[in-house]
Amino acid sequence: MTLLLIEQILNGLQLGVMLFLMAAGLTLVFGVMGLINLAHGSLFMVGAFAAAFIANLTGSYLLALIASAVVAAFAGILIEVLVIRRLYTRDHLDQVLATFALILIFSEGTRMIFGSFPLYLNIPDVLAGPISLPFGIEYPLFRLVLIVIGLAVAAGLYALITRTRIGIQIQAGESDREMISALGINISVLYTIVFALGAGLAGLAGALVGTLQSVEVGMGEPVLITAFVVIVIGGIGSIQGALLGAILVGLVQTLGAYLLPIWSVALLGSQDVGSILSSMLIYILMALILLVKPKGLLGSAA
Amino acid sequence: MTERNFTILIWFLLLAFVLFANQIGEIYWITLATRAAIFAIAGIGLNLALGNGGMISFGHAAYFGLGGYAVGILATHAQNYTPIYDGLFLLEGTQSMLITWSLAVLLGGLAALVIGLLCLRTDGAYFIMITLAFGQMFYYFAITWNAYGGEDGMSIYVRGGFPGVNTLAPMPFFLLSFAVLTVVLLVIRMVNNSPFGLALNAVPHSPARVETVGISTKNLKLIAFVISGMITALAGALFADLNRYVSPAMFSWTISGEIMIFVILGGVARLIGPVVGAIVFVALEEILGGLSEFWHIYLGLLLLIIVLFAKGGVTGALVKKRSVADV
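Criteria and thresholds
Residues numbered from 1 in each chain as written. Chains lettered and ligands numbered in written order. Predicted model: local features only at pLDDT ≥ 70, side-chain atom pairs only at ≥ 80, totals over all residues. Heavy atoms only, no water. Helix = DSSP H or I, 4+ residues; strand = E, 2+ residues; numbered from the N terminus. Rg over C-alpha atoms; globule rule 2.2 N^0.38 Å. Buried < 20%, exposed > 50% of the residue type's maximum accessible area, 1.4 Å probe, protein only. Contact = heavy atoms within 4.5 Å. Areas by Shrake-Rupley, 256 points an atom, 1.4 Å probe, with all protein chains shown as cover. Lys, Arg positive; Asp, Glu negative; His and termini not counted. Charge placed at Lys NZ, Arg CZ, Asp CG, Glu CD. Core = buried A, V, L, I, M, F, W, Y, C linked by side-chain atoms within 4.5 Å. Salt bridge = Lys/Arg side-chain N within 4 Å of Asp/Glu carboxyl O. pLDDT = per-residue confidence, 0-100. Buried area = accessible area lost by both parts, 1.4 Å probe. Nonpolar A, V, L, I, M, F, W, Y, C, P; charged D, E, K, R; others polar. Axes fitted to C-alpha atoms, helices over the stretch in contact; angles between N-to-C directions. Parallel < 35°, antiparallel > 145°, perpendicular 65-115°, else oblique. Patch = residues over 30% accessible without salt bridge, like charges linked within 9 Å, V, L, I, M, F, W, Y side chains within 5 Å. Pairing = 2+ DSSP bridges.

J.: Which residues make up the overall build of chain A, and what values do they have?
T.: On a plain count of helices and strands, chain A comes out with 11 helices and 2 strands. Ordered by position from N to C terminus, the α and β elements of chain A give α-α-α-α-β-β-α-α-α-α-α-α-α. A compact globule built from 302 residues should have a C-alpha radius of gyration of about 19 Å, and chain A, at 20 Å, falls within 12% of that. With the C-alpha coordinates of chain A rotated into their principal frame, the extents come out at 65 × 50 × 35 Å. Looking at chain A as a whole, 55% of its 302 residues are labelled buried. Long-range contacts, defined here as pairs at least 24 residues apart, represent 76% of the contacts in chain A between residues at least 6 apart. In the structure as shown, chain A presents an accessible area of about 12,500 Å², 69% of it carried by carbon and sulfur atoms. One way to put it: in chain A the 10 positive side-chain charges average out to a point 11 Å from where the 13 negative ones average out.

J.: Could you give an account of the overall build of chain B, naming the residues involved and the relevant values?
T.: The helix and strand inventory of chain B stands at 13 helices and 4 strands. Its C-alpha atoms give chain B a radius of gyration of 19 Å, near enough to 20 Å, the size a compact globule of 327 residues would have. Seen along its three principal axes, the alpha-carbon backbone of chain B occupies a region of about 55 × 50 × 40 Å. Counting over 327 residues, chain B shows a buried share of 57%. Sequence separation of 24 or more characterises 78% of the internal contacts of chain B that already satisfy a separation of 6 or more. Taken together, the 14 basic and 14 acidic charged side chains of chain B have centroids lying 17 Å from each other.

J.: Just give me the short version of the nonpolar core, but keep the residues and values in it.
T.: If you look at the biggest cluster of nonpolar residues, it comprises 213 residues, and the most contacted ones within it are B:F134, B:L181 and B:M260. Aside from chain neighbours lying at most four places away, what touches B:M260 is A:L93, A:V96, A:L97, B:L46, B:L50, B:I56, B:S57 and B:F58. Judged by nonpolar contacts, the second largest core, of 5 residues, contains A:L10, A:I137, A:Y139 and A:I147.

J.: Please set out the pattern of salt bridges residue by residue, giving values where relevant.
T.: Residues and elements named next belong to chain B. Under the defined criterion, the tally for this structure stands at 5 salt bridges over all chains. Residue E285 pairs with R35 through a salt bridge whose shortest N-O separation is 2.9 Å. Placement of the pair is E285 in helix α11 (residues 273-291) and R35 in helix α2 (residues 27-52), with a sequence separation of 250 residues. Classification of R35 by relative accessible area gives partly exposed; the value is 21%.

J.: Run through the confidence of the model for chain A, naming residues and quoting values.
T.: On average, residues of chain A carry a pLDDT of 89, and 99% of them reach 70 or more. Within chain A, no element has a lower average pLDDT than helix α7 (residues 177-182) of chain A, which sits at 79, and none a higher one than helix α3 (residues 61-82) of chain A, at 95.

J.: Summarise the environment of A:L4; cite the residues concerned and give the values.
T.: One can find A:L4 in helix α1 (residues 2-33). Considered as a pair, A:L4 and A:S270 are 266 residues apart in the sequence and their alpha carbons are 21 Å apart.

J.: Please provide a residue-by-residue account of the interface of chain B and chain A, values included.
T.: Counting residues at the interface gives 42 residues for chain B, matched by 46 residues for chain A. Taken over both partners, the interface formed by chain B and chain A buries close to 4,200 Å², and the fraction arising from carbon and sulfur atoms is 81%. Among the residues of chain B in contact with chain A, B:Y126, B:M129 and B:F294 are the three that bury the most area, contributing 17% of the side total. Put simply, chain B and chain A have 0 salt bridges between them. Elements that contribute at least two residues to the side of chain B that touches chain A include exactly α5 (124-144), α10 (253-266) and α12 (295-309) of chain B. With 14 residues, α5(B) is the largest single contributor of residues to the side of chain B that touches chain A. A per-class count over the side of chain B that touches chain A returns 28 nonpolar, 9 polar and 5 charged.

J.: So, the packing of α2(B) against α10(B): which residues are in play, and what are the values?
T.: All names here are of chain B. As a packed pair, α2 and α10 sit with axes 8 Å apart at the nearest point and diverge in direction by 80 degrees. It follows that α2 is roughly perpendicular to α10 by the angle criterion. Listed contacts from α10 to F39, A42, G43, L46, N47 and L50 of α2 are I259, M260, F262 and V263. By residue class, the composition of the contact of α2 with α10 is 8 nonpolar, 2 polar and no charged.

J.: Tell me about the environment of B:I84, and please be specific about residues and values.
T.: Residue and element names in this part refer to chain B. By the secondary structure assignment, I84 is in the loop between α3 (61-80) and β1 (85-86). Separated by 202 residues in the primary sequence, I84 and E286 place their C-alpha atoms 39 Å from one another. Setting aside its immediate chain neighbours within four residues, I84 contacts L74, H77, L91, E92 and G93.

J.: Mind laying out a nonpolar patch on the surface, listing which residues take part and the relevant values?
T.: A cluster of nonpolar side chains, A:L62, A:L63, A:I66, A:V70, A:F74, A:I77 and A:V81, forms an exposed patch at the surface whose accessible area comes to about 620 Å². Inspection of the secondary structure assignment puts A:L62 in helix α3.

J.: Hey, could you go over the pairing of strand β1 (residues 130-133) of chain A for me, with residue numbers and the actual values?
T.: Residues and elements named next belong to chain A. In this structure, β1 lies alongside strand β2 (residues 137-140), joined through 4 bridges in antiparallel fashion. Looking across to β2, one finds that P130 is bridged to P140. Where β1 folds back onto β2 in an antiparallel hairpin, the turn is made up of 3 residues, including F135, whose phi is positive at roughly 65 degrees.

J.: So what's going on with the side chain of A:E108? Which residues, and what values?
T.: Position of A:E108 relative to the elements: it lies in helix α4 (residues 92-114). Among residues more than four places away in sequence, those in contact with A:E108 are B:E293, B:F294, B:H296 and B:I297.

This is the structure in structure tokens:
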């Protein structure tokens, strides 16, 4: 029981860091450009398909991962220059509609190229199989690697934003857009970089999650919506909030799906109520946090 | 053309199209028109929140699905002769549309009240994301609710009944749906011209002024949101009766997006906008869908062009100028 619980906590952590990869881009783009981007889930999908295609072609998982981030980043640059750029000054309704239109275009476009059947990305042999952790826990190595990659990206992102020139500009962009363009920084290039960065992270997440599940059209939107829950909980625009929210949602989701049916059987004799409740748990969490802190745990006044 | 004349023209054209289809025996066209009329009702519901109240809800599939499930659940119990609740009192299923639709509207209103109370604590981007998230919650709820079909949904063997109408035939069912659409249009027109509607219209443009004259914008928005949810739930109930099938897909976020498309294609905050939008959508679905399996890509491109270059939708392009007074 305890061992299983620890395994579930690790699973929750793994889900959390993957959600963070998605949420980080969303929250950065919102924080810096004030844009709500529904097509972020499409970039997740693009990354997964790019990885599956390259893995099939070359047989190298590492190349596949690199391709996922690079292709998604380029797809991000493409839509930023063609469409998204025109939306920064528009209201949220236009942003929602235009990025919803992009989802339709990306999804159907991908279906045209790759067909409706799911593709599979295999876990590379070196990362396959379980690993022994202290206290006699056997845990899939690949999932552990996901946790490590996620935490490494989080640390890298933190360093990028606090220690580098571009990061300082991003921070400045979040607090005062007009001032930083007045200071002679090419804001338009900065926007494209931020968007590409978010897109690359989403693409990487798509490839990693796609390895655990399958790579198919429409895989991005459920993750996107969960990532929205994450940034609403953490506070929109806050990277730390996104990390906190992601880990919280990952743990609540995973532990709820594990524990609630068990408790439900013990109390009611059937797992139905527990399953239904666990599928709604993160939304209930979001509702509770909204009641207490409408701007999220770490959100400042928008 | 004035907006009022345009509204009457569209109403008349939809009816004339179906009468013509009935004359030449194109039953399928009647079903398409029924679909458009039902989508129009859903869009009118969203339009009250989105267009008039400025509340960008990306979660209206929740109410659409609840309306459908109200009909589906009552019908399932009725056709299996199993009571819904048998304890202190006996509660049985039914296929009477008067009851199933009323329950749908009630459920939609209740859900909109709870979600509205939560979501209206925030605004802007938060509002969009939270409505989207709650919509998804209902989707997962329906999928895991195995007692009512889980992922498979529920089939309704025989369409529900309405006093004095043979709902089983396409033409009477269209006329019934069209009558509901007409009533909803009249109600919305009444709301728009009432003090409540006028104040609501002012909310997105100058909330401070509305507050200054002593009206609570929050209450206005909440009431509008609840009415909006009720109307969209009614559309969901009709949709369930039309298809004689309900499934979690009715709760899917794509439905929320499509309801929004009806509003945008037709023209935001206009009485007839969602009707035009729904007709255009169903026509596109039929024509483009016939040409290509991947018709959503063209829908996406069209939507993108409208958002980037043609604000105001079809109604905006055809009607002289925007004025609520001459509706």
